[in-house]
Amino acid sequence: MLSSQNYMTDFNFPLEGTYTELPDVLFSKLSPTPVSQPKTIIFNQKLADEIGFDLSGASEEVRTLFFAGNLVPHGTAPFAQAYAGHQFGNFTVLGDGRAIVLGEHRTPSGNRIDLQLKGSGRTSYSRGGDGRAALGPMLREYIISEAMHALGIPTTRSLAVVSTGETVYRETELPGAILARIAGSHIRVGTFEFASLQGDKAVTQALLDYLIDRHFPKIKEKENQPFALLEAVIHQQAELITHWMRVGFIHGVMNTDNMALSGETIDYGPCAFMDTFAPDTVFSSIDHKGRYAYANQPYIAQWNLARLAESLLPLMDGKKEEIITMAEELLNSFEQIYKSKWLSMMGSKLGLSEVGKEDEKLITDLLDWMHKNSADFTNTFLNLCKEEIPEGVLYASEDFQNWHSRWQNRLSKEEQGLESSFALMSLVNPAVIPRNHKVEEALQAGEEGNFKPFHDLLNTLEKPYEDSDHLLPYQTPPEPGEKVLQTFCGT
Ligand code: AMP
Ligand code: MG
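Being a predicted model, the structure only gives us computed values, none of them experimental.

Taken together, the side chains of F91, V93 and L197 define a hydrophobic patch exposed on the protein surface, amounting to about 250 Å² of accessible area. As for its position among the elements, F91 is in strand β5 (residues 90-93). Taking relative accessible area as the criterion, F91 reaches 38% and is therefore assigned partly exposed.

Structure below.
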């Protein structure tokens with residue numbers, strides 16, 4: 001078996017490292033720690049094609065060694081990123097403790113993307129951790145990130161999972177794995193918090209310039225760039241959270257280090273999709289107070305953005321009090337921006353091309369009814385995508401029938417007609433989501449060496465807006481005994 005990092009090969013896949021031109025304090029150059037028995041569990045050929053990641057010249061064995069971190073291509077200088085973060089509200093210095101960016105790749109459309117290995121060994125930021133990851137959580141990230149992408153939600157992507165043949169020790173002994181992940185970049189709100197902590201304006205300025213160059217080139221022409229950036233990120237994050245709310249996604253650990261300034265959903269730990277609609281739903285085993293509950297996500301996003309603003313303050317021109325007032329006003333605008341995006345999204349879930357003032361009550365009344373009746377979030381909207389009133393005891397209630405006729409009445413006022421409303425609804429209301437009990441089932445089987453449920457689930461989630469009979473086993477909410485009430489970080 002090939003497992004040495006020094007294995008001689010002409011494998012040539014140079015990745016760039018523009019991030020390492022930033023001030024040294026922001027990263028550490030180091031290589032992944034080789035693993036003893038790497039084996040590819042899954043390789044995302046479709047994604048590789050999409051991003052022009054051509055590994056066809058490499059044998060399968062060499063490809064496995066590459067994703068395991070055993071083989072670092074010539075001309076590539078991997079690094080771990082430094083960052084800080086507010087975890088459940090408390091400031092901590094962190095960094096890539098178990099991840100290494102192999103480098104940056106240019107896609108055919110000219111975008112620069114990071115290729116990161118997660119679970120690739122200890123780094124200078126590992127603190128007490130082993131730098132490794134368990135197979136279950138890496139498969140979870142693969143499933144959920146790919147599902148999010150198929151749902152049309154900005155996200156990091158999963159390129160491969162490799163099992164390491166090594167055991168990781170958590171509460172129990174678990175099989176180890178590495179996830180190869182693709183991201184627009186890995187710059188987080190926490191990266192700015194870390195830069196700002198250095199007390200040297202030049203570090204934050206360099207990071208800001210880099211971020212603008214990579215993700216917000218239009219801002220280059222603007223005058224007050226830190227403000228312009230903050231404004232752009234406010235819109236970007238309001239958009240992202242609106243998507244999450246649309247599909248019932250609960251991130252679970254919205255710490256500032258898990259908020260990416262590429263606008264992508266990042267770091268799938270104890271995340272999960274809600275079955276029964278309840279605004280206070282929490283899955284994460286460590287979120288005792290429900291800080292990151294479903295309905296809290298927009299407030300937390302705003303809170304995190306305030307941390308970004310604080311980190312940018314030293315770069316803002318003007319008198320201190322005036323700058324603070326301006327930044328506060330900007331941050332307060334998040335509420336209105338989010339609300340308007342949310343209303344328009346919820347309107348589209350109900351087939352409304354535009355949402356008027358009186359429509360908000362129609363939306364909230366449905367949500368209240370769903371909450372009161374423990375209705376399934378995904379299936380309720382899916383069931384509304386039909387001309388007839390949905391079947392089932394739940395929908396036979398007078399409350400629902402009344403709401404339904406109000407809705408029909410409102411739909412009749414849509415200029416484009418009913419067909420167009422249903423077309424709109426089918427674009428935003430998924431027929432299938434990665435339900436937690438199905439995800440757990442796939443992970444458990446995978447941990448026992450059976451990857452069929454994992455692959456079946458992935459196939460099912462590829463076209464989530466196309467309803468069909470074969471989806472049925474994945475559309476059915478869990479039976480009481482199947483319900484997964486808690487998810488774990490798996491770190
Ligand atoms: P996460 O909860 O995955 O966002 O991780 C929070 C922080 O803990 C990050 O700085 C991670 O790099 C670090 N971390 C998580 N798991 C490990 C591990 N097994 N070894 C070292 N650091 C870790
Ligand atoms: Mg993280």
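Here we come to the coordination of the magnesium ion (ligand 2). The magnesium ion (ligand 2) binds to the protein through N258 (OD1) and D267 (OD); the donor distances cover 1.9 to 2.2 Å. Exposure remark for D267: the relative accessible area of 12% places this residue in the buried category.

A word on the pattern of salt bridges. Following the criterion strictly, the structure yields 28 salt bridges and no others. Of the charged contacts, one joins E239 and K341 as a salt bridge, the two residues approaching to 2.8 Å between their closest N and O atoms. On the criterion of sequence distance, the pair formed by E239 in helix α6 (residues 225-247) and K341 in helix α8 (residues 320-349) is long-range, its members being 102 residues apart. A salt bridge links K361 to D365, with the shortest nitrogen-to-oxygen separation between them at 3.0 Å. With K361 and D365 both in helix α9 (residues 359-372) and four residues apart, this pair spans about one turn of that helix.

Quick look at unusual backbone geometry now. Of note in the backbone geometry, R127 takes a positive phi value of approximately 50° without being a glycine. Turning to its location among the elements, R127 is positioned in the loop between β7 (112-118) and β8 (133-134). Here D267, not a glycine, exhibits a phi torsion of approximately 60°, which is positive. Mapping D267 onto the fold places it in the loop between β11 (249-250) and β12 (272-273).

Attention now moves to the site of ligand 1. Near ligand 1 lie 17 residues; those nearest to it are G95, G97, D130, G131 and N258. Interatomic distance of 3.4 Å between a side-chain N/O atom of R170 and a nitrogen atom of ligand 1. Within the side chain of D267, a nitrogen or oxygen atom sits 3.4 Å from an oxygen atom of ligand 1. Contact with the protein chains removes 86% of the 480 Å² of surface that ligand 1 exposes when unbound. Looking at the shell around ligand 1, its residues break down into two nonpolar, eight polar and seven charged.

A few words on helix α11 (residues 398-411). Between its first and last C-alpha, α11 extends 20 Å over 14 residues, near the 20 Å set by a 1.5 Å rise per residue. Listing the buried residues of α11 in full gives F400, W403, H404, W407, R410 and L411. What you see down the axis of α11 is that its buried residues fit within an arc of 120°, all on one side. Residues of α11 that are buried in the fold lie against α9, α10 (377-384) and α12 (418-428).

What counts and what doesn't
Residues numbered from 1 in each chain as written. Chains lettered and ligands numbered in written order. Predicted model: local features only at pLDDT ≥ 70, side-chain atom pairs only at ≥ 80, totals over all residues. Heavy atoms only, no water. Patch = residues over 30% accessible without salt bridge, like charges linked within 9 Å, V, L, I, M, F, W, Y side chains within 5 Å. Areas by Shrake-Rupley, 256 points an atom, 1.4 Å probe, with all protein chains shown as cover. Salt bridge = Lys/Arg side-chain N within 4 Å of Asp/Glu carboxyl O. Helix = DSSP H or I, 4+ residues; strand = E, 2+ residues; numbered from the N terminus. Buried < 20%, exposed > 50% of the residue type's maximum accessible area, 1.4 Å probe, protein only. Donors = N, O, S within 2.8 Å, 3.2 Å for Na, K, Ca; no water. Near = heavy atom within 4 Å. Polar contact = N/O pair within 3.5 Å; in protein donor to acceptor, adjacent residues only side chain to side chain. Nonpolar A, V, L, I, M, F, W, Y, C, P; charged D, E, K, R; others polar. Expected span 1.5 Å × (residues − 1). Arc of directions from axis to C-beta. Contact = heavy atoms within 4.5 Å.

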